[in-house]
Structure formats: structure tokens, C-alpha cells
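Examining the three-dimensional arrangement
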Amino acid sequence: MILVAITLESPKHLKQFQPYLSILQERYAPFLGQNVTEIEPGKWVSSVKPFHAGIFPYLCLDAMIYTGQAHSKLYFANDILDFSINQEVSPSDFGRLVQQNKGSFSPKSIQACCLYQGFGRRIDMALNAIARLVFDSLHSLTKVETDVLRELRRLQFEQYKDPCITRTYGLQKHVAGKLKKSPVAVHKSLKSSKYELLSDSANTMRSILA
């Protein structure tokens, strides 16, 4: 099992963070080995079977769209948990992850990010390099861009029932209608937010993890 850990750097952002917990339950529950559980204030854990690891880039994509300004951090640690279908993550499992990555869990490091470890040295390097690109791009989203991406992701899941599908064909006009914007304005928001780059990056990371 792969340990999934999510931390929130400041309790003042909890209200902003709550919708993402709902997204995890709605879109990703079938892939998780256990419910996302808060083990202490501001720290949540779950586990994922290795053959479901391809969800991680999309889970991160949604994290940034929903919590980008909340300074959330996501960690995907392979080889920390024993391979057991029924194993649940314990606080001690999270503690081992913290011990191995003390710098990453520093309170002074408040920028949103994600970290992959234990998938193989070169794979970790590739995943973390691409993830850095994605997170840096999403740090600067405007409210308009955020609204467009959230609605797009909602419609994608509504239509395809799969959080790993990122295509926009046929959905932009529905986003425009829902947000009462012109299709041109929605297209411009997708372009300025670099959505195509973000979705291509997520798909590339999924192929690396597969």
C-alpha cells in the first residue's frame, strides 16, 4: 500500500480546505484503501493500492484548484506501509514519513506542494520535477480561472465518472452557461491558467506511475 498524507499548514485555512475533503470522498473513494482520516488537527491520511497510483496527479490537480491558497501539502510514500489490502494507516505510519522528510514538514515551508518518494530514485525525480511545474503554475490562479477550472472538473466527473479524465471537448460551453460567461471568456481562462499544460502533465505522470 502507498501512504497518502495531506497536511494543512495553517488552521485558519480549514474552512477553505473543507470542500477538498468532500471532493476526495466524491471522486476518489473507490480508489482509496480507506477513508481519508484526520489523525490530528490539520493532518489527514489514507492509503492506495499500487495499481491505483495513477490517481495521484489528478488528486493533486484538484487539490491545487480547490486549496491552492490554503498551503496544503500532499505526500505519496511507497514502501512505508506493508502490502496488505486491509491495512489502515496509523499515526505511527505518518510519524515515520515525517521523520524521513523533516525539512518538508517544517512549519516555515508554507507553500503548497507535493512529494513523491519510494517509487524509485529516477521515477521520484521525474515525478517531483513535473509536480513542481504543475504546482508553480497553479499557485498564481486568479479567482476567475479558479471558478472555471472547478466547474470544468465538476462537469468532467459528472459526465465521465472518472477523475482522471481531463478533456474539455464539448464541456466549455456548459462551463460558460453555468458561470454566465461567454465561451470565449472561458476559453481565455483555460488558456491563461495553462490548463492544457496541466492536464498533459497529469497524464504524463500517470503514465510514469502506471
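Now for a look at the structure at hand.

Reading the values: rules and limits
- Residues numbered from 1 in each chain as written.
- Predicted model: local features only at pLDDT ≥ 70, side-chain atom pairs only at ≥ 80, totals over all residues.
- Heavy atoms only, no water.
- Helix = DSSP H or I, 4+ residues; strand = E, 2+ residues; numbered from the N terminus.
- Rg over C-alpha atoms; globule rule 2.2 N^0.38 Å.
- Buried < 20%, exposed > 50% of the residue type's maximum accessible area, 1.4 Å probe, protein only.
- Phe/Tyr/Trp six-rings, centres within 6.5 Å; stacked < 30°, edge-to-face > 60°.
- Lys NZ or Arg CZ within 6 Å of the ring centre and 35° of its normal.
- Pairing = 2+ DSSP bridges.
- Salt bridge = Lys/Arg side-chain N within 4 Å of Asp/Glu carboxyl O.

**Points about the overall build of the protein**
Helix and strand counts for the protein stand at eight helices and five strands. Seen in sequence order, the protein has helices and strands lined up from the N terminus as β-α-β-β-α-β-α-β-α-α-α-α-α. Its C-alpha atoms give the protein a radius of gyration of 17 Å, within 12% of the compact-globule value 17 Å for 210 residues. For the protein, the spread of C-alpha atoms along the three principal axes comes to 50 × 35 × 30 Å. The proportion of buried residues among the 210 residues of the protein is 49%.

**Focus on the packing of aromatic side chains**
Tallied over the entire structure, the rule returns six aromatic pairs. Look at Phe17 and Tyr20: their rings are 5.9 Å apart centre to centre, the planes differ by 65°, and that puts the pair in the edge-to-face class. Placement of both Phe17 and Tyr20 in helix 1 (residues 14–28) is noted, with a separation of three residues, approximately one turn of the helix. Judged by relative accessible area, which is 1%, Tyr20 ranks as buried. Taken together, the ring pairs in this structure connect Phe56, Phe76, Tyr116 and Phe119 into an aromatic cluster. Positioned over the ring face of Tyr160 is Arg167, at 4.5 Å from the centre of the ring.

**Focus: the pairing of strand 5 (residues 113–117)**
With respect to burial, strand 5 is a largely interior element, four of its five residues being buried. Summarising the sheet, strand 4 (residues 72–77) and strand 5 pair through five bridges and their orientation is parallel. When the sheet's bridge partners are listed, Ala77 is paired in strand 5 with Gln117.

**Digging into the pattern of salt bridges**
With the rule as written, the count across this model stands at eight salt bridges. Asp147 is the partner of Lys143 in a salt bridge, and the nearest nitrogen-oxygen pair spans 3.0 Å. One end of the pair is Lys143 and the other is Asp147, both in helix 5 (residues 143–160) and four residues apart, which spans about a single turn. Residue classification places Asp147 among the partly exposed positions, given a relative accessible area of 28%. Glu158 is the partner of Arg154 in a salt bridge, and the nearest nitrogen-oxygen pair spans 3.0 Å. Of this pair, Arg154 and Glu158 both sit in helix 5, four residues apart, which is roughly one turn of the helix. Accessibility expressed as a relative area gives 31% for Arg154, which makes it partly exposed. On the basis of relative accessibility, which here comes to 45%, the residue Glu158 falls in the partly exposed class. Via salt bridges that share partners, Arg27, Asp62 and Arg153 belong to a single interconnected network.

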